Amino acid sequence: MEAPSLIEIVATTIFGLALLHTFLANQFEHLAHTHTKHAGLFHLFGEVEVVFGIWAAVLIVLMALLSTPDQAIQYLDSRNYAEPLLVFVLMVIAASRPLLEAAGSINDGIARILPLHPVTARFAVAMSAIPLLGSFITEPAAMTVAALLLREQFLRHELPSRFKYAVLGVLFVNISIGGTLTPFAAPPILIVAAKWDWDIAFMMSQIGWRAVIAVLLNAIILTALGHKYLKNLPLSTDVSDQSVRGQPIPWVVTSIHIGFLIAAVVFHHHPVVFLGLFLFFMGYTTAYPQYQSRLLLREALLVAFFLAGLVVLGGLQGWWLQDLLAGLSPTVLFFISMSLTAITDNAAITYLGSLVEGTDAAFRYALVTGAVTGGGLTVIANAPNPAGYALLKDCFPEKSISAVGLLLAALLPTFMAVCTFWFIP
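Summarised in this report is the structure supplied together with it. Just so it is clear, the model here is predicted, and its values are computed rather than measured.

Rules used throughout
Residues numbered from 1 in each chain as written. Predicted model: local features only at pLDDT ≥ 70, side-chain atom pairs only at ≥ 80, totals over all residues. Heavy atoms only, no water. Helix = DSSP H or I, 4+ residues; strand = E, 2+ residues; numbered from the N terminus. Buried < 20%, exposed > 50% of the residue type's maximum accessible area, 1.4 Å probe, protein only. Expected span 1.5 Å × (residues − 1). Bend = angle between axes of the 7 residues up to and from the residue. Polar contact = N/O pair within 3.5 Å; in protein donor to acceptor, adjacent residues only side chain to side chain. Contact = heavy atoms within 4.5 Å. Core = buried A, V, L, I, M, F, W, Y, C linked by side-chain atoms within 4.5 Å. Axes fitted to C-alpha atoms, helices over the stretch in contact; angles between N-to-C directions. Parallel < 35°, antiparallel > 145°, perpendicular 65-115°, else oblique. Left-handed = near helix turned anticlockwise from the far one by under 90°. Nonpolar A, V, L, I, M, F, W, Y, C, P; charged D, E, K, R; others polar. Salt bridge = Lys/Arg side-chain N within 4 Å of Asp/Glu carboxyl O. Phe/Tyr/Trp six-rings, centres within 6.5 Å; stacked < 30°, edge-to-face > 60°.

Notably, Thr-138 is not glycine yet its phi reads approximately 80°, a positive angle. Among the structural elements, Thr-138 can be located in the loop between α7 (118-137) and α8 (139-155). Looking at Thr-138, the relative accessible area reads 4%, which means it is buried. Despite not being glycine, Asp-197 shows a phi value in the positive range, around 60°. Mapped onto the fold, Asp-197 is located in the loop between α10 (187-196) and α11 (200-230).

This is how it looks when you write it as structure tokens:
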């Protein structure tokens, strides 16, 4: 193992502080309510979406002081920000009124088939079908749709806080594993699929069917545990938080929105293309405001800022991560990958693991399935998680989500994913 440079040591220290900050964000929100004189500052430090951006800025300043400003800028320029930009675009498009109403209609249509209480059936479908849909519309889009449906139809109501955390934990885990039916929807798979020649047939036969079992089991268990709360909720059809509704949406408008979403997915490797398409999308929504509600630009920008900060900080963690992953048995690698995902990012784990030379099929399977299994444990474990956090945090006490609460809530669904990915032959 080569000795790390001073910059790498500083970057890892700052990364650790940023990670600690995410676990303490809920405490800052509490301080904002008890110390009103400095409430604004405490609210800023309590916003999980800005944590990694703030600490990334600290890293760049220190890098400029320890080396030169030019080197710090060159490092920023060397990072790939395609993923944060893509999440921003997909989040805004997927949260548009035409797509949300279409998703709500599909969700309700499937729910009517189930022999359950109508509200309970809608909940079960939202927790299972939409995460699996993420394999085709990408995980960030699925997270956005699922979070908004859950917020407006369920979580905005008075429900026990413990149950809300259980919903969050299952949602994050199911989104992370639900995108594994295809090689392009889940960031940790997308980043290695081309190098390892993983196509749709491989994903379906080796990983996808196991993910379906885990997603369904998690949704069934959660629905059974929450049925006593869900059956008392009103049968709402709203999927938007806007009090003013526009005109009924023609199918042509919905189709155009779907076209923009598909185009962004198809060109996900080319930021120039999908950002150009996004500008056309913005123009289209401005031209037909009667079919729109407020676009989630602020929320999506905060999520992109979070992910960009993670890209900057994570780019200097390879000196210890790559050596840690090399030379492990598949079983140990699976659980190490799952654990490391909680404190880094599952795409970073699979990328660094893909740099290890001479790996076999067992190594690759263990690395990727471990990474997606741990994708629901923390807000930084999977790229779509900050989007879910941003959309759902107002439903929790003090409008903040406890990192410890999320971790505990995600343990059971993560265990179910462990069982399906590792113990089913």
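Looking now at helix α1 (residues 6-34). Between its first and last C-alpha atoms α1 spans 40 Å; for 29 residues at 1.5 Å apiece the expected length is 42 Å, and the two agree. At Leu-24, α1 shows its largest bend, some 50°. Along α1, the positions that sit buried rather than exposed are Val-10, Ala-11, Ile-14, Phe-15, Ala-18, Leu-19, His-21, Thr-22, Ala-25, Asn-26, Glu-29 and Ala-32.

Glancing now at the side chain of His-257. Turning to its location among the elements, His-257 is positioned in helix α12 (residues 251-266). Within the structure, the side chain of His-257 is placed 3.1 Å from the side chain of Gln-292, a separation counted as a polar contact. Contacts of His-257, omitting those with residues within four sequence positions, involve Ile-93, Ser-96, Pro-98, Leu-99, Phe-281, Tyr-284, Thr-285 and Gln-292.

Next up on the list: the nonpolar core. Core analysis: the largest hydrophobic core is formed by 95 residues, its most contacted members being Phe-52, Leu-59, Phe-123, Met-127, Leu-150, Leu-171 and Leu-313. By residue number, the principal contributor to this core is α8, which donates 11 residues. Residues within four places of Leu-313 in sequence aside, it is in contact with Ile-14, Phe-15, Ala-18, Phe-52, Trp-55, Ala-56 and Leu-59. Formed by 36 residues, the second largest nonpolar core is a distinct cluster that contains Leu-132, Val-173, Ile-207 and Ala-342.

Contact geometry for helix α3 (residues 48-66) and helix α14 (residues 297-314): axes closest at 7 Å, N-to-C directions at 40°. As summarised for this structure, α3 and α14 are arranged oblique, according to the angle between their axes. Crossing of α3 over α14 shows left-handed handedness. Of α14, the residues touching α3 (which contributes Val-48, Glu-49, Val-50, Phe-52, Gly-53, Ile-54, Trp-55, Ala-56, Leu-59 and Ile-60) are Leu-302, Phe-305, Phe-306, Gly-309, Leu-310, Val-312 and Leu-313. Residue composition of the contact of α3 with α14, by class: 14 nonpolar, two polar and one charged.

Quick look at the environment of Val-173 now. For Val-173, the position within the fold is in helix α9 (residues 161-178). With a relative accessible area of 0%, Val-173 lands in the buried category. Between the alpha carbons of Val-173 and Ala-214 there is a distance of 9.4 Å; along the sequence they are 41 residues apart. Ignoring sequence-local partners within four residues, the contact set of Val-173 consists of Asn-218, Gly-376, Ala-410, Pro-413 and Thr-414.

Here the focus is helix α16 (residues 330-343). The end-to-end C-alpha distance of α16 is 20 Å, a good match for the 20 Å that 14 residues give at a rise of 1.5 Å each. Regarding α16, the residues found buried are Leu-333, Phe-334, Ser-337, Met-338, Leu-340, Thr-341 and Ala-342. Along its buried surface, α16 packs onto α1, α15 (318-325), α17 (346-354), α18 (361-373) and α20 (403-423).

Bringing the pattern of salt bridges into the picture now. The tally for this structure, following the rule as stated, stands at six salt bridges. Note that Glu-101 is salt-bridged to Arg-97, the shortest N-O span being 2.9 Å. Within this pair, Glu-101 and its partner Arg-97 are both found in helix α6 (residues 97-113), separated by four residues, close to a single helical turn. Overall, Arg-97 belongs to the buried group, its relative accessible area being 5%. Arg-151 serves as the salt-bridge partner of Glu-152, at 2.7 Å between the closest nitrogen and oxygen. The two residues Glu-152 and Arg-151 agree in class, both being buried. What emerges from the salt-bridge pattern is a single network uniting Arg-151, Glu-152 and Arg-156.

A complete count under the given rule lists 18 aromatic pairs for this structure. A centroid spacing of 5.3 Å and a plane angle of 55° characterise the contact between Trp-196 and Trp-198, whose relative ring orientation is tilted. Judged by relative accessible area, Trp-196 falls into the buried class, the value being 6%. An aromatic cluster is defined as three or more aromatic residues linked by ring pairs; in this entry it consists of Phe-88, Phe-260, Phe-278, Phe-281, Tyr-284, Tyr-288 and Tyr-291.

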